[in-house]
Amino acid sequence: MKKIGILFGQERSFPMAFIDRVNSKNVAGVVAEPVRIDKVVQGEDTGYAVVVDRISQDVPFYRAWLKNAALTGTAVVNNPFWWSADEKFFNNCLATKIGVPVPKTVILPSRDQPEDTSDNSFSNLAYPLDWEGIFQYIGFPAYMKPFAGGGWKSVYKVKNREDFFEKHSETGRLVMMLQEEILFDEYYRCYCIGGKHVRIMSYEPRNPHHLRYAADFKPNTERTQLMEDLVLRINQYLGYDFNTVELALRDGIPYAIDFCNPAPDADLISVGQDNFDWVVDTAASFAIEKALAQVPGGDNLTWGEYLKRSTTARPLV
């Protein structure tokens, strides 16, 4: 029996619907259930062919369990080794090399020193930074956000130099990015599953959270194809099985704003019935595909084009 497990926290609508959808497909030898962990012994098989991870970004214990599971043959969605290494600034840097438009972005050292460091720990850091050069490159208004993380936590809109320094002083030990504001005409949030299935959803980030999917942008066929191509390229290079990409269109050009969401929102109330039905069914079908292809004891993870090309000395593009 090939078991598909889902590892989750407080969310309920997607995990339960996912389990029901997998089981309702009645694929011989495949069953889905919530993951259950009663002990973790190094090198021991977990018994799951596939695990869909929705929570390990918040629970380090789960991340360690998933890495052990992957080493013993479980296909983990998403790859816990890559997810542990990934962050938003690197993704932006990669995008500039693979032909994906992104806002102008810089990374900033944390306002407060990290624990167990002193002034001597920053011998290679210029003081002060070239703030004028940074501000001229990015422009105002701009957005400041953590280089790793999500959920719209610690995101600031900054109006000018003085506003920047005032808000940066609130960020403590967080490493922040400063990013050009894209004044968009249309905005989309796009699911990507399995590096091949894309759902483009109208999205309005300026609305209250519960109304963001109420937008009604209607891209033409050419623009839809362009966005699908960008979403697929991003996810195939990063190696994510389940992710969302946010695209802001300015003058017809889709800029990738946020594309590191490996446990993306899939709540029924948030995304709406049609989007929910699509993501549940597509995720269920993909998990079954992964289970049927899983080789016991083998490496069943997805590794992105960036890593595969780097480790085989091939050109990035």
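Parameters and conventions
- Residue numbers here run from 1 along each chain, matching the order of that chain's written sequence.
- A pLDDT threshold of at least 70 governs which residues receive local features in this predicted model, and a stricter bar of 80 or more applies before side-chain atom pairs are shown or counted, although totals over entire chains, interfaces and linings include all residues.
- Think of the side-chain values as coming from all heavy atoms in the structure, minus any hydrogens and water.
- Comment: elements are numbered from the N terminus, with helices defined as DSSP H or I runs of at least four residues and strands as E runs of at least two.
- As a reference, a globule follows 2.2 Å times the number of residues to the power 0.38, and the radius of gyration itself is taken over C-alpha atoms.
- Burial here depends on accessible area, computed with a 1.4 Å probe over protein chains only, as a share of the maximum for the residue type. Under 20% is buried, over 50% is exposed, and the range in between is partly exposed.
- Contacts between residues were defined by any pair of non-hydrogen atoms, one from each residue, lying within 4.5 Å.
- Using a 1.4 Å probe, accessible areas were evaluated by the Shrake-Rupley method; residue-level cover was limited to the displayed protein chains.
- One bridge is not enough; two strands pair if DSSP finds at least two bridges between them.
- Inter-axis angles, ranging from 0 to 180 degrees, are taken between N-to-C directions of lines fitted to C-alpha atoms, where helices are fitted over the stretch in contact.

When helices and strands are tallied, the chain shows 10 helices and 12 strands. The C-alpha atoms of the chain give 21 Å as radius of gyration, which agrees with the globular expectation for 317 residues (20 Å, within 12%). Judged by the C-alpha coordinates and their principal axes, the chain covers about 65 × 50 × 40 Å. The buried share among the 317 residues of the chain stands at 47%. Of the contacts formed within the chain by residues at least 6 apart in sequence, a portion of 69% connects residues at least 24 apart. In the structure as shown, the chain presents an accessible area of about 15,700 Å², 52% of it carried by carbon and sulfur atoms.

Pairing is parallel across the open sheet formed by 4 strands, whose spatial order is β2-β1-β3-β4. Looking along the sheet, the strands with just one partner apiece sit at the ends: β2 (30-34) and β4 (75-77). Taking the axes of each pair of neighbouring strands and ignoring which way they run, one obtains an average angle of 20 degrees across the sheet. For strand β1 (residues 2-7) and β2, the ladder comprises 5 bridges, and the chain directions are parallel. Across the sheet, residue lysine 2 finds its bridge partner in β2, namely valine 30. Along the sheet, helix α1 (residues 13-24) contacts β1, β2 and β3 (50-53); its crossing angle with β2, the most-contacted strand, is approximately 165 degrees.

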